[in-house]
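This is what each chain is made of:
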Amino acid sequence: MNFDVVIKNGRHFDGTGGPSAIRNVGIRDGHVAAIGEEAMQGREEIDASGQWVIPGLIDIHTHYDVEVLNGAGLSESLRHGVTTVMVGSCSISTVHVNGVDAGDLFGRVEAIPRDYVIAAIDEHKNWSNAEEYVQAIEARPLGPNVAAFIGHSDMRTAIMGLERATTKDDQPTKAEQAQMERWLTEALDAGFVGLSSQQLLFDRLDGDVCRSRTLPSTYVRRREMRRLTRLVRKRARVLQSGPDIQHPPRVAAQLARSIGGLRRPLKISFLAAADAKSNPIGYKILTGSARLINALGGNFRWQHLPVPFEVYGDGIDLVIFEELGAGSAALHLRDEIERNQLMRDEAYRGRFRKEYDDKFSIGAWHRDFFDADIVSCPDSSLVGKTFGQLGLERRVHPVDAFLDLVLEYGRELRWRTVISNHRPKVLKKLAVDPGVQVGFSDAGAHLRNMAFYNSGLCLLRHVHQSAEAGAPFMTVEHAVHRLTGELADWYSLDAGHLRMGDRADVAVIDPAHLDTSLDTYAEERVEQYGGLSRMVNRNDDTVAAVLVGGRTVFRKGVPTGVVGRERTGSFLRAGNRVPAPRSSTAVAVGG
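Residues numbered from 1 in each chain as written. Predicted model: local features only at pLDDT ≥ 70, side-chain atom pairs only at ≥ 80, totals over all residues. Heavy atoms only, no water.

With an unreviewed UniProt entry as reference, the chain is termed N-acyl-D-aspartate/D-glutamate deacylase, source organism Mycobacterium triplex.

Structure below.
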């Protein structure tokens, strides 16, 4: 039989967790047309001998909402075998807001240059509702498939205006509440996977009018959210959120929403199950709470990044400082002269030291400058040292050592720390926990601060190396299922499987190169963000080939001619089978 593409002699995983085997896979019209040991011929043939042929990976948490408009190939995810990404996370999406409001929502929270957010929305926005948004996304030359949440802050801002939406005493009118409910219904009808909200209080707005206020979704009252989640529950869709970890009783109340009782359980996906250095037993509380809620009839999952959460900072520009009042005060000031004046002020430094030394305050950052080392600086003698060490050498508090260097070198002072997921044994426990979803990367955001585009590959490496060492903690089949089919089934997406008739979204992985190359970082200029240099991953020998909709988009780290020029991905509508785009109907850039 003749096929468009044949992948030969690879170990085939179907995404269900079932046994793998050496098989050939024949692809025709964007779908799997044959699986077996018999010989097959195709116009394109990929020899996968000694390699794994798996469904394309799914990234359930990205902030590609802006990049998908002006860089729709999304090649930084594609090259690592990710063939489906979800946008609209953390209550922020671009369905209803205008350019300026989008810039205020995304600029500081996700560390995406505000001016370029505004320019992208102003240039490309030709939609006014959810269905038109879907059509606009599919009019771009999509690389991977895209699924979406509708953002609560997006709707609240568009209806109330950003000023009113971020004021505690000003709540939506009955008419405004009704409009939000209509918009949410329209989004669910259009196939959005659900509603994203936010309760974390250290995500701050950019811009001038409402600068440093928290996201609009954090100002919601119980009635407003109850009416919205009722619609999500009724349609068996998903509520995504970041809980207010500084107020555990509120988190418990949020978790309890998932319990169905006499109603259908509400699917909830929360940020994030992590082994935080700031709380060594915290992960036990998180996983235990998920087990309890699900035992009581809920349908709850924590999102999880299956690698050490390593972050980089340029001077004081790093989101972890938003947890401290002193840090947020510095980040509030965009003018460098004003910011430097603040950091020189002794009263300000005293406040910073006091908050830093408060180790009992709940937060994600461990607040330990002895665990934060300099990676680049005009003074090369400082590279490799921690701020804590420098404080001892200079006989000053670690906070003062840090601020002194920020004042001297500004953003040329680059440093790093690991804030969570540092213990391999705990990572193994989280990887197999049924109350945890694996697949969160924050791709497309925090461009200078972190790069987890290949986090799925890192989990496969952990599984593979543990098995080779004689200490397996899960099978490769189970790991592939966790990264693909399990996520697709829970979010009701036409993805994540590689069976007869399934969409041919495929990653061919070379297990011999699941090695230390996954740990290294590189930098890549992002032209649509003014040439900003962002952190990326480069492990080109690990992923031999990537296919989306049956078309090859990457071979050993090199994009094919279709990436960014023709549409290979589709908007995946929850609960629907979605045909793969045919090459004859692919859309060129600007089409």
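So, next bit.
**Quick look at the sheet that holds strand S16 (residues 414-420)**
Taking strand neighbours across the sheet as the criterion, the 3 strands line up as S14-S16-S15 in an open arrangement whose pairing is antiparallel. With partners counted over all chains shown, the strands left at the sheet margins are strand S14 (309-314) and strand S15 (373-376), one partner each. Taken over all neighbouring pairs, the strand axes of this sheet differ in orientation by 35° on average, direction set aside. (Pairing = 2+ DSSP bridges. Helix = DSSP H or I, 4+ residues; strand = E, 2+ residues; numbered from the N terminus. Axes fitted to C-alpha atoms, helices over the stretch in contact; angles between N-to-C directions.)

**A word on the sheet that holds strand S17 (residues 436-438)**
Taken together, 8 strands build an open sheet; the order of strands is S6-S8-S9-S10-S11-S12-S13-S17 and the sheet is parallel. A single partner strand is all that each edge strand has here, and the edge strands are strand S6 (57-59) and S17. Within the sheet, the average angular offset between the axes of one strand and its neighbour, ignoring direction, is 25°. Across the face of the sheet, helix H11 (residues 282-295) comes into contact with strand S13 (299-304) and S17 while running at roughly 160° to S13. (Contact = heavy atoms within 4.5 Å.)

**Observations concerning the pattern of salt bridges**
One side chain can pair with another of opposite charge once the charged atoms of both are near each other. Taken as a whole and assessed by the stated rule, the structure comprises 44 salt bridges. Note that Asp502 is salt-bridged to Arg577, the shortest N-O span being 3.8 Å. Of the two residues, Asp502 is situated in the loop between helix H20 (485-491) and strand S19 (506-509) and Arg577 in the segment after strand S24 (558-559); the sequence distance between them amounts to 75 residues. Assessed through its relative accessible area of 5%, Asp502 is described here as buried. Connected through salt bridges with shared partners, the residues Glu346, Arg349, Arg353, Asp400 and Asp404 form a single ionic network. (Salt bridge = Lys/Arg side-chain N within 4 Å of Asp/Glu carboxyl O. Buried < 20%, exposed > 50% of the residue type's maximum accessible area, 1.4 Å probe, protein only.)

**Let's talk about empty space enclosed by the protein**
Per the counting criterion, the structure on display carries 4 cavities of 30 Å³ or more. Size it by volume and the largest cavity reaches roughly 110 Å³. Every residue along the wall of the largest cavity is listed here: Asp314, Gly315, Ile316, Asp317, Arg334, Glu336, Arg339, Asn340, Met343, Val406, Gly410 and Arg411. In terms of residues, the lining of the largest cavity owes the most to one element, helix H13 (residues 336-344), which gives 4 residues. When the residues that make up the lining of the largest cavity are grouped by side-chain class, the tally is 3 nonpolar, 3 polar and 6 charged. Within this model, the second largest cavity holds a volume of roughly 80 Å³. (1 Å grid on protein atoms, 1.4 Å probe; cavity = no way out; pocket = protein on both sides within 12 Å on 5 of 7 lines; lining within 4 Å. Points joined across faces, edges and corners; volume = space filled by probe spheres on them. Nonpolar A, V, L, I, M, F, W, Y, C, P; charged D, E, K, R; others polar.)

**Side note on the confidence of the model for the chain**
Per-residue confidence for the chain gives a mean pLDDT of 95, with 98% of residues at or over 70. Scored below 50 in pLDDT, residues 584-591 shows 16 contacts in the model against residues more than four places distant or in partner chains. (pLDDT = per-residue confidence, 0-100.)

**Brief notes about the UniProt feature "domain: Amidohydrolase" (unreviewed entry) in the chain**
With numbering aligned to this structure, UniProt lists the feature "domain: Amidohydrolase" (unreviewed entry) at residues 44-205. Split by type, residues 44-205 is 40% helix and 18% strand. Its first and last C-alpha atoms lie 49 Å apart. (UniProt positions renumbered as here; feature names shortened; annotations may be inferred.)

**As for the environment of Glu131**
With respect to the secondary-structure elements, Glu131 resides in helix H5 (residues 130-138). Note: C-alpha distance between Glu131 and Ile509 (378 residues apart in sequence) is 36 Å. When neighbours within four sequence positions are excluded, Glu131 is seen to be in contact with Ala190 and Arg573. Within the local environment of Glu131, its side chain forms a polar contact with the side chain of Arg573, the two groups lying 2.9 Å apart. (Polar contact = N/O pair within 3.5 Å; in protein donor to acceptor, adjacent residues only side chain to side chain.)

**Considerations on the packing of helix H15 (residues 387-394) against helix H16 (residues 398-409)**
The relative placement of two packed helices is expressed as an angle between their axes plus a distance between the axes. Here H15 crosses H16 at 100°, and the two axes come no closer than 8 Å. As far as their axial angle goes, H16 and H15 are roughly perpendicular. Within the contact between the two elements, H15 uses Phe387, Gly388, Leu390, Gly391 and Arg394 and H16 uses Pro398, Ala401, Phe402 and Leu405. Per-class residue counts for the contact of H15 with H16 are 6 nonpolar, 2 polar and 1 charged. (Parallel < 35°, antiparallel > 145°, perpendicular 65-115°, else oblique.)

**Remarks on the pairing of S14**
Counted residue by residue, S14 has 6 buried out of 6 residues, so it is predominantly covered. Of the two faces of S14, the one lined by Phe309, Val311 and Gly313 and the one lined by Glu310, Tyr312 and Asp314 are each fully buried. Where S14 and S16 come together, 6 bridges link them in antiparallel fashion. Within S16, the residue paired with Glu310 across the bridge is Val418.

**Observations concerning the pairing of strand S11 (residues 238-241)**
Alternating positions in S11 separate into two faces, Val238 and Gln240 on one and Leu239 and Ser241 on the other, with burial throughout. Here strand S10 (residues 194-196) pairs with S11 via 3 bridges, running parallel. When the sheet's bridge partners are listed, Gly194 is paired in S11 with Val238. Handedness of the crossover joining S10 and S11 through helix H9 (residues 222-234) is recorded here as right-handed. As defined by bridge partners, S11 adjoins strand S12 (residues 267-270) across 4 bridges and the pair is classed as parallel. Each bridged residue has a counterpart across the sheet, and for Gln240 the counterpart in S12 is Ser269. At this point the chain moves from S11, through helix H10 (residues 248-256), to the parallel S12, and the crossover so formed is right-handed. (Right-handed = clockwise from strand over helix to strand, strands pointing away.)

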